Amino acid sequence: MDNEKANILIITQWFDPEPIHKGLLFANKLSEKGFRINVITGFPNYPGGKIYKGFKLKLYEKIKLKKILLHRVFLFPSHDKSSIKRAINYISFAIMATLYGLFKINKPDIIYAYHPPLTVGICGAILKKFYKVPLVYDIQDMWPDTLKATGMVNSKLILKITSKLCKKTYKLSDKIIVLSNGFRNCLIKRGVEKSKIEIIYNWSNIDNKNINSSNIIQINKKKFNIIFAGNIGKAQSLETLLYAAEIIKTKNQNIDFHIIGDGIDLINLKNQAKTMHLDNIKFIPRIEPKYIGGYLNKADAFLVHLRNNSLFKITIPSKTQTYMAFGKPIIMAVNGDAADLIKEAECGIVTEPQNPKQLAIAIEKLVSYKKKRLNKIGLNGLNFYNKNLAINKGIDNFASIFESLLE
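Remember, it's a predicted structure, so these values are computed and weren't measured experimentally. (Residues numbered from 1 in each chain as written. Predicted model: local features only at pLDDT ≥ 70, side-chain atom pairs only at ≥ 80, totals over all residues. Heavy atoms only, no water.)

Enquirer: Is there a simple way to explain the sheet that holds strand E13 (residues 330–333) in this structure?
Expert: Two orientations exist for strands paired in a sheet by backbone hydrogen bonds: parallel and antiparallel. Judged by pairing direction, the sheet is parallel, and its six strands sit side by side in the order E11-E10-E9-E12-E13-E14 without closing on themselves. The open sheet is flanked by strand E11 (281–284) and strand E14 (348–350), the only strands paired with a single partner. Averaged over all pairs of adjacent strands, the angle between strand axes in this sheet comes to 20 degrees, irrespective of strand direction. Pairing of strand E10 (residues 255–260) with E11 involves four bridges; the strand directions are parallel. Bridging from a neighbouring strand, Ile 259 pairs with Phe 283 of E11. (Pairing = 2+ DSSP bridges. Helix = DSSP H or I, 4+ residues; strand = E, 2+ residues; numbered from the N terminus. Axes fitted to C-alpha atoms, helices over the stretch in contact; angles between N-to-C directions.)

Structure representation (structure tokens):
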């Protein structure tokens, strides 16, 4: 089938202006390949759990963005620590997306569902059955493992039910996209056919060549500035950074840490930093994607940190690719696939997660490098990114998969 006639339905609970990896840029790139794109999503509320300024919660709203048809459906906005409210948030979107997917869109040729949450995959599976078309399931989080690892769900019964629903969704999917080899191996162990699984590495959604510097908070250029940008939750375990900053503060007054973003752990983290009198920790509210590049460009190095959990050994946080694209050294405090990527690219220092002493040592080691060496490390990351991880390579892979299913 000709791409010009192929209609791809994207189902994703989060979409621009929310900080989502495969959002408007992804949809536009697919449109440039000749696919007609419809998107079913919710009204923007992630990660704060409140409807964004300039948006009004409705039952349904249809918008045209260039060649993209965007269908926003009602959901219960929430993203706090309450697992019940979070479940209502996920389920409400899935129900409305399914209903409007049945009655408000033209028949798709392929359905693409973006996970998390699992409920989006279930919605995709139902619509697949109704329309009798292929389902491509993109897994960015491994459930129920993530629910357990982050402490969101502790009930063995709920975790068991979630596991069964995952397996059913995998079975109904025609192709499953994963972001790492670890994810692929995990699914194979759970009985998913090897031929169904494709690895497509995430890319950076932030253009490092078009850096908008307006509205950027100034940083002290006389100091070595290390930036963490992204969700601030249980999985990130950023209290480790606070303890490392406390150790470093007694030895080196020339390092500042910038934590950019929002999340359920932000208030606790701020209070803890205040109690510890950490003036070397700077908290910056979430910055719009069109401005974040200007801030990232001012960094001397970046930090990636996740809890020391077996689940996170098989993931690669998407901020890794963004950091590499900006050509700055990376301190990777994550075990497994993410650490292997940094080692392969030779673009930073790998250290043990949830170990403040080791993190402090890694930071001090990096800071001790001469500027020429730091620049070389950053350039290694940029070159590796351009060769192996850039968006055009990823889009080509997606287009190839969609075309094979259309045939």
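Enquirer: What is the right way to read the packing of helix H7 (residues 239–249) against helix H12 (residues 356–368) from this model?
Expert: What describes two packed helices is the angle between their axes and the distance between those same axes. Interhelical geometry of H7 versus H12 gives an angle of 60 degrees and a closest axis separation of 8 Å. Judged on the interaxial angle alone, H12 and H7 are oblique. Seen from above, H7 lies across H12 with right-handed handedness. Listed contacts from H12 to Thr 240, Leu 241, Tyr 243, Ala 244, Ile 247 and Ile 248 of H7 are Pro 356, Lys 357, Leu 359, Ala 360, Ile 363 and Glu 364. For the contact of H7 with H12, the residue count by class is nine nonpolar, one polar and two charged. (Parallel < 35°, antiparallel > 145°, perpendicular 65-115°, else oblique. Left-handed = near helix turned anticlockwise from the far one by under 90°. Contact = heavy atoms within 4.5 Å. Nonpolar A, V, L, I, M, F, W, Y, C, P; charged D, E, K, R; others polar.)

Enquirer: I'm lost on the side chain of Asn 38 in this one. Help?
Expert: Along the chain, Asn 38 turns up in strand E2 (residues 36–42). Residue class for Asn 38 comes out buried when judged on its relative accessible area of 11%. (Buried < 20%, exposed > 50% of the residue type's maximum accessible area, 1.4 Å probe, protein only.)

Enquirer: Honestly, the pairing of strand E12 (residues 301–305) in this entry has me stumped. Any pointers?
Expert: Across a regular strand the side chains alternate sides, sitting on one face of the sheet and then on the other. Most of E12 sits inside the fold, with five of its five residues counted as buried. Where burial is concerned, the two faces of E12 agree: the one with Ala 301, Leu 303 and His 305 and the one with Phe 302 and Val 304 are both buried. Relative to E12, strand E9 (residues 224–229) is paired through two bridges, and the arrangement is parallel. Pairing of Ile 226 across the sheet is with Ala 301, part of E12. Summarising the sheet, E12 and E13 pair through four bridges and their orientation is parallel.

Enquirer: What exactly am I supposed to notice about the sheet that holds strand E7 (residues 175–178) here?
Expert: Spatially, E3-E4-E2-E1-E5-E6-E7-E8 is the arrangement adopted by the eight strands of the open sheet, whose pairing is mixed. This sheet does not close on itself; its edge strands, each paired only once, are strand E3 (60–65) and strand E8 (197–199). Between one strand axis and the next, the sheet turns through 20 degrees on average, direction left out of account. Judged from the three bridges that link them, E7 and E8 form a sheet pairing that is parallel. Looking at E8, one finds that Ile 177 is bridged to Glu 198.

Enquirer: Before we go on, may I ask you to explain the packing of aromatic side chains in this structure?
Expert: Each pair of aromatic rings is reported with the distance of its centres and the angle of its planes. For the coordinates displayed, the defined rule picks out 13 aromatic pairs. Taking the centre distance of 6.0 Å and the plane angle of 35 degrees together, the rings of Phe 26 and Trp 203 count as tilted. Highlighted residues: Phe 26 in helix H1 (residues 24–32) and Trp 203 in the loop between E8 and E9, separated in sequence by 177 residues. Ring centres 5.8 Å apart and planes at 80 degrees place the aromatic pair Tyr 112 and Phe 398 in the edge-to-face group. Pair noted here: Tyr 112 is in strand E5 (residues 110–115) and Phe 398 is in helix H14 (residues 391–406), with a separation of 286 residues, a long-range link. Its relative accessible area of 0% is what places Tyr 112 among the buried residues. Here a set of aromatic residues connected by ring pairs shows up, and it is made of Phe 26, Phe 35, Tyr 112, Trp 203, Phe 398 and Phe 402. Between Lys 22 and the ring centre of Trp 203, over which it is positioned, the NZ or CZ distance is 5.5 Å. Directly above the aromatic system of Tyr 369 lies the positively charged group of Arg 373, at a separation of 3.8 Å from the ring centroid. (Phe/Tyr/Trp six-rings, centres within 6.5 Å; stacked < 30°, edge-to-face > 60°. Lys NZ or Arg CZ within 6 Å of the ring centre and 35° of its normal.)

Enquirer: I'm lost on the side chain of Gln 321 in this one. Help?
Expert: Its place among the elements puts Gln 321 in helix H10 (residues 319–325). Non-local contacts of Gln 321, meaning those with residues more than four positions away in its chain, are made with Tyr 201, Asn 202, Trp 203, Ser 204, Ile 316, Tyr 385 and Leu 389.

Enquirer: Teacher, can you tell me more about the packing of H7 against helix H8 (residues 266–275) here?
Expert: Here H7 crosses H8 at 15 degrees, and the two axes come no closer than 10 Å. Classified by the interaxial angle, the pair formed by H7 and H8 is roughly parallel. In this structure, H7 crosses over H8, and the sense of that crossing is right-handed. Across from Glu 239, Leu 242 and Tyr 243 in H7, the residues of H8 making contact are Leu 269, Gln 272 and Ala 273. Residue classes in the contact of H7 with H8 are distributed as four nonpolar, one polar and one charged.

Enquirer: How do you make sense of helix H2 (residues 83–103) when you look at a structure like this?
Expert: One full turn of an α-helix is made of 3.6 residues, so residues set three or four places apart face in the same direction. The terminal C-alpha atoms of H2 lie 30 Å apart, and with 21 residues this matches the ideal 30 Å at 1.5 Å per residue to within 8%. Within H2 the residues assigned to the buried category are Arg 86, Asn 89, Tyr 90, Ser 92, Phe 93, Ala 94, Met 96, Ala 97, Thr 98, Tyr 100 and Gly 101. Packing partners of the buried residues in H2 comprise strand E1 (7–11), E2, E3, strand E4 (68–73) and helix H3 (118–131). (Expected span 1.5 Å × (residues − 1).)

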